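Commentary on secondary and tertiary structure
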Amino acid sequence: MPPRGADGPARICGRLAPSPTGYAHLGNAWAFLLAWLVVRARKGVLIMRMEDIDPQRSRPEFAAALLEDLRWLGLDWDQGPDVGGPLGPYEQSRRGAAYAETLTRLDAAGLIYPCFCTRKELRLLAAAPHVDDAGAPYPGTCRELSAAQCEGLFRSGRRAAVRLRCPSEPIEFEDALLGPQSFRLDECGGDFALRRSDGVVAYQLAVAVDDALMGVTLVVRGRDILPSTPRQIALLRMLDHAVPTYAHIPLLLDCEGQRLAKRHRSLALRSLRERGVTPQRIVGLLSRLAGLNPHGVPVSPAELLPDFALERLPGTDRRVTDQDLRQLAP
Ligand code: GLU
């Protein structure tokens with residue numbers, strides 16, 4: 001059940017959903033600070049969810065470091081791996097039963113099918129201009145395989161991914177920052193995978209299921225994830241779950257216009273901390289770039305709350321310059 005306020009109406013529920021594939025960097029700090037502000041400014045509940053679904057890329061030491069670094073920055077959350085709560089577990093690696101149950105439901109409704117294509121086959125078949133999460137467009141090769149054909153392939157030892165039969169009508173939604181959105185899934189990526197052939201649950205399934213089961217009503221995340229949103233909405237609708245409101249925020253770019261990523265090692269929060277940079281200076285810089293703090297005075301996230309409004313966020317991506325970074329150090 002979604003968390004409820006003391007006086008009855010449901011409180012907004014947001015989440016911070018880091019993937020523990022590296023140390024938190026300035027770009028993560030930007031995204032999580034803005035998500036935190038949007039939810040806290042509306043007196044919402046915040047859930048920390050560790051998106052460690054991919055065993056090859058996630059590491060427990062990064063998960064622990066992420067929690068520590070985001071707290072050091074001045075962010076907090078009401079439920080999460082380190083504080084517990086009624087909706088746990090809060091690590092996706094421990095939520096396999098919920099994902100399996102959802103796949104069983106979708107299967108019973110005839111909404112998923114096994115896909116035996118190898119990555120190589122998918123690459124050879126690639127013709128569409130858009131790509132799915134695995135980096136290859138899916139042309140629907142296995143969509144109409146009969147039960148007998150599937151059976152035969154399984155018996156011959158082939159392993160299968162699981163794909164969702166996507167609706168052909170457009171998925172429309174109103175983004176709280178970007179306005180009306182419309183996507184046709186059959187034109188961008190096609191039937192996407194819910195489980196890889198090695199058994200690992202796909203990000204789209206894990207996120208949709210978790211947002212639903214955790215009662216998330218407001219998803220604030222980077223614009224780079226916008227193409228995933230219609231997929232998650234399609235899934236939520238098929239499962240009769242409520243669809244949250246989405247706000248896709250601008251990205252923080254480096255001076256060359258590239259998205260800040262975990263490979264920008266010097267911009268890891270812990271590297272900055274080791275160099276004597278305070279969290280208030282980091283929040284001062286980020287809030288200046290977000291148009292919330294004209295002179296970039298050092299502040300804590302909580303100090304930004306009284307004047308914060310989602311509508312004040314910039315409409316376009318921001319760049320952090322070398323000069324900005326030099327000014328961070330004391
Ligand atoms: N775990 C994802 C990431 O770190 C975010 C997913 C989401 O917010 O839906 O990029």
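Residues numbered from 1 in each chain as written. Predicted model: local features only at pLDDT ≥ 70, side-chain atom pairs only at ≥ 80, totals over all residues. Heavy atoms only, no water.

1. Section: helix H9 (residues 279-289)
Within H9, eight of the 11 residues are buried, leaving the element largely enclosed by the surrounding structure. After H9 finishes, the residue Gly-291 shows a positive phi value of roughly 75 degrees. (Buried < 20%, exposed > 50% of the residue type's maximum accessible area, 1.4 Å probe, protein only. Helix = DSSP H or I, 4+ residues; strand = E, 2+ residues; numbered from the N terminus.)

2. Section: the site of the ligand
By nearness alone, every residue bordering the ligand is listed as Arg-15, Ala-17, Ser-19, Glu-51, Tyr-203, Val-207, Arg-221 and Ile-225. Between the ligand and Ala-17, the relevant distance is 2.8 Å, taken from a nitrogen atom to a main-chain nitrogen or oxygen of the residue. In the environment of the ligand, a nitrogen atom lies 2.6 Å from a nitrogen or oxygen atom belonging to the side chain of Glu-51. Considering the ligand on its own, with 300 Å² of exposed area, one finds that the protein chains cover 78% of that surface. (Near = heavy atom within 4 Å. Polar contact = N/O pair within 3.5 Å; in protein donor to acceptor, adjacent residues only side chain to side chain. Areas by Shrake-Rupley, 256 points an atom, 1.4 Å probe, with all protein chains shown as cover.)

3. Notes on the pattern of salt bridges
This structure, assessed with the given rule, holds 20 salt bridges. Residues Asp-54 and Arg-196 are paired through a salt bridge, measuring 3.5 Å at the closest nitrogen-oxygen approach. Separated by 142 residues along the polypeptide, Asp-54 in the loop between strand E2 (45-48) and helix H2 (60-73) and Arg-196 in the loop between strand E7 (193-195) and helix H6 (203-213) bring together distant segments of the chain. Across the salt bridge formed by Arg-143 and Asp-191, the nearest N and O atoms sit 2.7 Å from each other. With Arg-143 in the loop between helix H4 (119-125) and helix H5 (147-155) and Asp-191 in the loop between strand E6 (179-183) and E7, this pair connects stretches of sequence that are 48 residues apart. By relative accessible area, Arg-143 is classed as partly exposed at 25%. (Salt bridge = Lys/Arg side-chain N within 4 Å of Asp/Glu carboxyl O.)

4. Brief notes about the packing of helix H3 (residues 96-108) against H6
For the pair H3 and H6, the least separation of the axes is 10 Å and the interaxial angle reads 100 degrees. The angle between H3 and H6 falls in the class roughly perpendicular. From H3, Ala-98, Tyr-99, Thr-102 and Leu-103 reach across to H6, where they touch Leu-205, Ala-206, Val-209, Asp-210 and Leu-213. Grouping the constituent residues of the contact of H3 with H6 by class yields seven nonpolar, one polar and one charged. (Axes fitted to C-alpha atoms, helices over the stretch in contact; angles between N-to-C directions. Parallel < 35°, antiparallel > 145°, perpendicular 65-115°, else oblique. Contact = heavy atoms within 4.5 Å. Nonpolar A, V, L, I, M, F, W, Y, C, P; charged D, E, K, R; others polar.)

5. Remarks on the sheet that holds strand E3 (residues 112-115)
Taken in spatial order, the three strands line up as E3-E4-E7 in an open sheet, and their pairing is antiparallel. The outermost strands of the open sheet, each flanked by one partner alone, are E3 and E7. Put simply, the sheet's adjacent strands are angled 40 degrees from each other on average, direction ignored. (Pairing = 2+ DSSP bridges.)

6. Notes on the nonpolar core
Grouped together as the largest cluster of nonpolar side chains are 48 residues, with contacts concentrated most on Leu-26, Ile-282 and Leu-313. Elements with a minimum of two residues in this core: helix H1 (26-41), E2, H2, strand E8 (218-222), strand E9 (245-249), helix H8 (269-274), H9 and helix H11 (322-328). For this core, the element with the highest residue contribution is H1, accounting for 11 residues. Contacts of Leu-313, omitting those with residues within four sequence positions, involve Leu-34, Val-38, Leu-177, Ile-249, Ala-290, Leu-292 and Phe-308. Formed by 37 residues, the second largest nonpolar core is a distinct cluster that contains Ile-47, Tyr-90, Ala-98 and Ile-171. (Core = buried A, V, L, I, M, F, W, Y, C linked by side-chain atoms within 4.5 Å.)

7. Looking at the side chain of Ser-58
With respect to the secondary-structure elements, Ser-58 resides in the loop between E2 and H2. Judged by its relative accessible area of 13%, Ser-58 is buried. Not counting residues up to four positions away in its chain, the partners in contact with Ser-58 are Pro-20, Thr-21, Glu-51, Asp-52 and Ile-53.

8. What about the side chain of Asp-175?
Tracing the backbone through its elements, the reader meets Asp-175 in strand E5 (residues 171-175). Although Asp-175 is buried, it makes no salt bridge; Arg-223 carries the closest opposite charge, 7.0 Å away. Here the side chain of Asp-175 touches His-248 through a polar contact of 2.6 Å, side chain to side chain. If near-sequence neighbours (up to four positions away) are discounted, Asp-175 is found in contact with Gln-181, Tyr-246, Ala-247 and His-248. (Lys, Arg positive; Asp, Glu negative; His and termini not counted.)

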